[in-house]
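Next come the chains, spelled out residue by residue.
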Amino acid sequence: MIGVGASIAFASNVVTLQGPQPIGALVTPASAPLEVGQTLAQTPNWTLFTRASNYIAGAPEATIATVRVDYTGDVPDDSTPLAEGDRISFAITVTDSAGGRRTFGVQPRIVASRAPVFTGPLSPISYQQGLGPQVYEDAQAAFSGSNIAWSVSGAENLTIRPDGFIEVNTDLIDVQSGTVLIITATNSGGAVSGTTTLQIDQTVVSITNLTEGAADVDTYPGISAQLSNGREIDSFRWGSTPGGAQYGTAQNPQAFSAGTLHVEVDAGVNTYATSVPAIDLLKFDVQPSFGAPGYTVGDTLTLIEGAASPAATITVEDFRLDGVDKSDALSGLSWDTSGETAGIITARFRASSAGQADILSDEITVGLNAVAARVSPRINTLTIGALSGTNLPVSISMTEDQPTPYSVYIVGIPAGAVAPSAPQIKAGHDADAAPAVFAGSYTVSAAGVINVNLGGNPSGTFDFYATVEDDEGDLWDNAAFVTDVDLDTSAFTVDRIGTIQGSRSTTDTVTYTVDLSGYAAGDELLFMLGTRAYGTALTVDGDAATKLSVDQGAAGASLTTAFKYVMTDDGSGAATVVVTLAAVVRDHLLMVYGVKDGTIGTGAAVAHAYRSSGTDPITLAVTPAGQANYVIAFSVGPTSYIDDGIVTWTDLSEIYLDVPPQPDNRKMAVAGLLRTDDSSPLTFSFQAGSGGASSLLGIAITAD
């Protein structure tokens, strides 16, 4: 008899009874085997286990009150995925309205692993004999599953590690190629097997670019290794010892020494190695040559034996003229060709070094030419190029047999004048023996372009004549010429309009009257003011000009100031120019320049310097915007008026020097310059005569 509250133990369930009558179940709760990733909710009849309709109350008129699930295993609910090894366990407690209660327990279960799966294939294991224990195929790549225990069968002296890699003792194993190996993967879910074969690897590694089976120490950039089966190599080790990497780990070795060159390479899980002798092979480092590219009968021919290494002796192996042996005529490495006939000379050298086979050089050849009949020099063509500033390019071509070096003489005379003779051209004269407008002599080693510097400001139409003289003083008795060469290349002009001396001022403005007739809208005007104080503003008939200079010195004592004005209308004969000064001062000088077809520079084209005392030179540099340029330099100093030589120029041609009409204790000078090469700044200096204040202003004006 079972009493109230007693427990009954069965093989598969534990049922607890409580109350006057037991609560029954239509389907008794029970656990079931589940796989990794499933949940308790996937237990068969799980939904039924959790419903009141599955249970029968203990009293006839009672009803089921509650159904409660208690999770007694490793998961907290019925929706958590199960993991391998999780314990499945739960209990369902049911109560009814009559106070009855019953708990249904279940048999605990452990979640097993999913059986492994062979996804294959397994690659054949190719091994080399005699390399000791080696690690090969990774079996894991051909199976899926977890908690796998590995085994291998089919041959002795091989094992499989817990990580799935197969180890083969290549010193002990002795099987035929094609032996089948069985790889088995086992876990708690089951077992599965796959097969592979065991192959004896006949692959060898070889070193390329060898010379008679040896590696030349001088050819290391071209040496490499390759496998006989064509398989790609993963890594390299080049060394002086087996397995060493003294010569690098790249595809090609670094420089190596004589001895033995070892290489070890990896391809997949296999390693291959070989070695070759390393030698310093005898070679010509510098091939022999002749001392000149060609010879004329009567010359002394010289041979240059070149250089060979290591420690080689070089001798003449063969020396011929048009196939006739001339070795006996050699005096060391020289040969006097006097009395010989013209032809082709060939030579070859032999290099010898201890312990190595002799080698021969490349065959070298040179021509032996007959003595040419002497021909007086002549100019074939004379071409005048486009004037660039003061440089006039003159192209000259000579007769083919013209000896070099030679002298070319060029003169330029007014168009239509009588042509000068060759001696007059050489002397730089015209036909009347007077100095030509342009004259120059040039030593030339080959036909080409001569840049004739005409100097000054070339303008007009000219005829140019040229003659030539060789290095033995043979002057061509004729001349090449080009007529009617127009050197008026541009309408670009910079002209001095006037230098106006102002009287002592009693106000901070000074008024000048300037003749601007002849200038039109678009032309530009440059005003340069010299005074004790600097100018702050300038107007032309009421229109404001642009200030170019930078005010310098204490209390504005810059001495020099520059303004630029672009005309908006045609100029008048009495334009009113008003300058506003920084202070009421004495003595003012205004210099005015007109520019046609040009632009007065700004920025780097303007340079300005001031010195309160001292006698050191002031040096400035301006950078023009183009090739055809004038540079206006304006200096102010404390001593007697400045004359030519006080302002000096570097690579600049002085056109004129301008001085004030009434020099006083403030002295000024202006020089206009022409410069065509804009590759570097234009430099000039001002040297004051005493230690007073000095100033220098420079402005570049460029052709449009």
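Residues numbered from 1 in each chain as written. Predicted model: local features only at pLDDT ≥ 70, side-chain atom pairs only at ≥ 80, totals over all residues. Heavy atoms only, no water.

1. So, the overall build of the protein
As a reminder of what qualifies: Put simply, DSSP H or I for four residues or longer makes a helix, DSSP E for two residues or longer makes a strand, and each gets a number counted from the N terminus. Burial classes follow relative accessibility: with a 1.4 Å probe on protein chains only, a residue under 20% of its type's maximum area counts as buried, one over 50% as exposed, and anything between as partly exposed. We call two residues contacting when some pair of their heavy atoms lies within 4.5 Å. Surface accessibility in these figures is a Shrake-Rupley result with a 1.4 Å probe; residues are shielded only by whichever protein chains are displayed.
Regarding its fold elements, the protein presents two helices and 60 strands. When burial is assessed residue by residue, the protein has 41% of its 704 residues classed as buried. Considering only intrachain contacts with a sequence separation of at least 6, the fraction spanning at least 24 residues in the protein is 68%. In the form shown here, the protein has an accessible surface area of approximately 33,000 Å², with 49% of it arising from carbon and sulfur atoms.

2. Points about the side chain of Asp 470
Selection rule: The definition of a polar contact used here is a pair of N or O atoms within 3.5 Å, where within protein one atom must be able to donate a hydrogen and the other to accept one, and adjacent residues in sequence count solely through side-chain atom pairs.
Structurally, Asp 470 can be placed in strand β41 (residues 461-470). Reaching out from Asp 470, the side chain makes a polar contact with the backbone nitrogen of Asp 474 at a distance of 2.9 Å.

3. Observations concerning a negative patch on the surface
Applicable threshold: The residues that make up patches have over 30% relative accessible area and no salt bridge, and they are joined within 9 Å when like-charged or within 5 Å when they are Val, Leu, Ile, Met, Phe, Trp or Tyr. One speaks of a salt bridge when a side-chain nitrogen belonging to Lys or Arg is within 4 Å of a carboxyl oxygen belonging to Asp or Glu. The sign given to each residue is positive for Lys and Arg and negative for Asp and Glu; His and the chain ends receive no count. By convention, the charge on Lys lies at NZ, on Arg at CZ, on Asp at CG and on Glu at CD.
Taken together, the side chains of Asp 541, Asp 543, Asp 569 and Asp 570 make up a negatively charged region of the molecular surface. Its place among the elements puts Asp 570 in the loop between β49 (560-566) and β50 (575-581). We classify Asp 570 as exposed; its relative accessible area is 62%.

4. A few points about the confidence of the model for the protein
What counts, and what does not: For every residue, the predictor assigns a confidence score, pLDDT, that lies between 0 and 100.
Averaged over every residue, the pLDDT of the protein is 81; the share at 70 or more is 83%. Under a pLDDT of 50 for its full length, residues 1-15 has, in the predicted model, 20 contacts with residues more than four places off or in other chains.

5. Describing the layout of surface pockets
Rules: The definitions used throughout rest on a 1 Å grid laid over the protein atoms alone, on which a cavity is an enclosed set of points accommodating a 1.4 Å probe that cannot get out and a pocket is an open set flanked by protein within 12 Å on both sides along at least five of seven lines; lining residues are those having an atom within 4 Å of a point. Grid points are joined across faces, edges and corners, and a volume is the space filled by probe spheres set on the points. Nonpolar residues are Ala, Val, Leu, Ile, Met, Phe, Trp, Tyr, Cys and Pro. Charged residues are Asp, Glu, Lys and Arg, and all others, Gly as well, are polar.
Here the second largest pocket defines a volume of roughly 180 Å³. Surrounding the second largest pocket, Thr 211, Glu 212, Ala 214, Ile 279, Leu 281, Leu 282, Gly 355, Gln 356, Ala 357 and Ile 359 form its lining. Tallied by class, residues from the lining of the second largest pocket come to six nonpolar, three polar and one charged.

6. With respect to the sheet that holds strand β28 (residues 300-304)
Stated precisely, the cut-off is as follows: Two strands are said to pair when DSSP picks up at least two bridges between them.
Ordered in space as β26-β28-β32, the three strands form an open sheet in which the pairing is antiparallel. At either margin of the open sheet sits one strand with a lone partner, and together these are β26 (289-290) and β32 (334-336). With three bridges connecting them, β28 and β32 associate as antiparallel partners. Bridging across to β32, Thr 300 finds its partner in Asp 336.

7. Focus on the sheet that holds strand β14 (residues 149-153)
Strand pairing in a sheet takes place through backbone hydrogen bonds and is either antiparallel or parallel in direction. Inclusion rule: Lines fitted to C-alpha atoms define the axes here, with helix axes fitted over just the stretch in contact, and angles between the N-to-C directions of these axes take values from 0 to 180 degrees.
With respect to topology, four strands assemble into an open sheet ordered β11-β18-β17-β14, the strand pairing being mixed. A single partner strand is all that each edge strand has here, and the edge strands are β11 (125-127) and β14. The average undirected angle you get between the axes of adjacent strands in this sheet is 25°. As judged from the three bridges shared by β11 and strand β18 (residues 190-200), these two strands associate in the parallel manner. Looking across to β18, one finds that Ser 126 is bridged to Gln 199.

8. Let's talk about the pattern of salt bridges
Applying the stated rule across the entire model yields 15 salt bridges. Note that Lys 283 is salt-bridged to Asp 216, the shortest N-O span being 3.3 Å. Remark: Asp 216 occurs in strand β20 (residues 215-216) and Lys 283 occurs in strand β25 (residues 283-286); sequence separation between them is 67 residues. As far as the burial class goes, Lys 283 and Asp 216 line up, both buried. Put simply, Glu 524 and Lys 564 hold a salt bridge, and the shortest N to O gap is 3.7 Å.

9. Thoughts on unusual backbone geometry
A cis amide bond links Gly 120 with the next residue in sequence, Pro 121, at an omega value of -10°. Within the secondary structure layout, Pro 121 lies in the loop between β10 (117-118) and β11. Put simply, Ser 309 and Pro 310 share a cis peptide bond, and its omega is 5°. Backbone geometry places Asn 45, a non-glycine residue, at a positive phi of 70°. Relative to the helices and strands, Asn 45 is located in the loop between β3 (24-25) and α1 (46-49). Positive phi, close to 65°, is recorded for Asn 157, a residue that is not glycine. Among the secondary structure elements, Asn 157 is positioned in the loop between β14 and β15 (158-160).

10. Observations concerning the side chain of Glu 469
Position of Glu 469 among the secondary structure elements: in strand β41. The class of Glu 469 is buried, set by a relative accessible area of 11%. Among the polar contacts listed, one links the side chain of Glu 469 to the side chain of Tyr 409, at a separation of 3.1 Å. Residues contacting Glu 469, with those up to four places away along its chain left out, are Pro 377, Tyr 406, Ser 407, Tyr 409, Lys 426, Asp 474 and Leu 475.

11. Considerations on the environment of Trp 46
Along the chain, the position of Trp 46 falls in helix α1. Looking at Trp 46, the relative accessible area reads 4%, which means it is buried. Sequence separation of Trp 46 and Pro 29 is 17 residues, and the distance between their C-alpha atoms is 8.0 Å. Setting aside its immediate chain neighbours within four residues, Trp 46 contacts Leu 40, Ala 41, Val 69, Tyr 71, Asp 78 and Phe 90.

12. Quick notes on the environment of Tyr 220
Mapping Tyr 220 onto the fold places it in the loop between β20 and β21 (225-227). As for Tyr 220 and Ala 255, which are separated by 35 residues in sequence, their C-alpha atoms are 5.9 Å apart.

13. Considerations on the nonpolar core
Short version of the rule: Only buried Ala, Val, Leu, Ile, Met, Phe, Trp, Tyr and Cys residues count toward a nonpolar core, and they belong to the same one when joined by side-chain atoms within 4.5 Å.
The biggest cluster of nonpolar side chains holds 24 residues, and the ones touching the most others in it are Ile 379, Ile 396, Val 408, Ile 410, Val 452 and Phe 464. Ranked by size, the runner-up nonpolar core spans 21 residues in total, among them Val 494, Leu 526, Leu 589 and Leu 697.

14. Quick word on the pairing of β49
The element β49 is largely enclosed, with a buried count of six among its seven residues. The pairing of strand β45 (residues 524-531) with β49 spans seven bridges and is classified as antiparallel. Its bridge partner being in β49, Leu 526 is matched across the sheet by Lys 564. As paired elements, strand β48 (residues 546-547) and β49 share two bridges and run antiparallel to each other. When the sheet's bridge partners are listed, Lys 547 is paired in β49 with Phe 563.

15. Remarks on the packing of aromatic side chains
Counted only if it meets this: Planes of paired rings set the category: under 30 degrees apart is stacked, over 60 is edge-to-face and the rest tilted, where pairs are Phe, Tyr or Trp rings (Trp by its six-membered ring) whose centres lie within 6.5 Å. The rule is short: NZ of Lys or CZ of Arg within 6 Å of the ring centre and within 35 degrees of the ring normal puts a charge over the ring.
Counted under the stated rule, the structure contains 10 aromatic pairs. For the ring pair Phe 319 and Trp 335, a centre distance of 5.4 Å and an interplane angle of 85° mean the geometry is edge-to-face. A residue pair is termed long-range when its members are at least 10 positions apart, and Phe 319 in strand β30 (residues 313-321) and Trp 335 in strand β32 qualify at 16 residues. A relative accessible area of 2% places Trp 335 in the buried class. A network of ring pairs unites the aromatic residues Trp 46, Tyr 71 and Phe 90 as a single cluster. Taking NZ or CZ as reference, Lys 596 lies 5.0 Å from the ring centre of Tyr 519, over its face.

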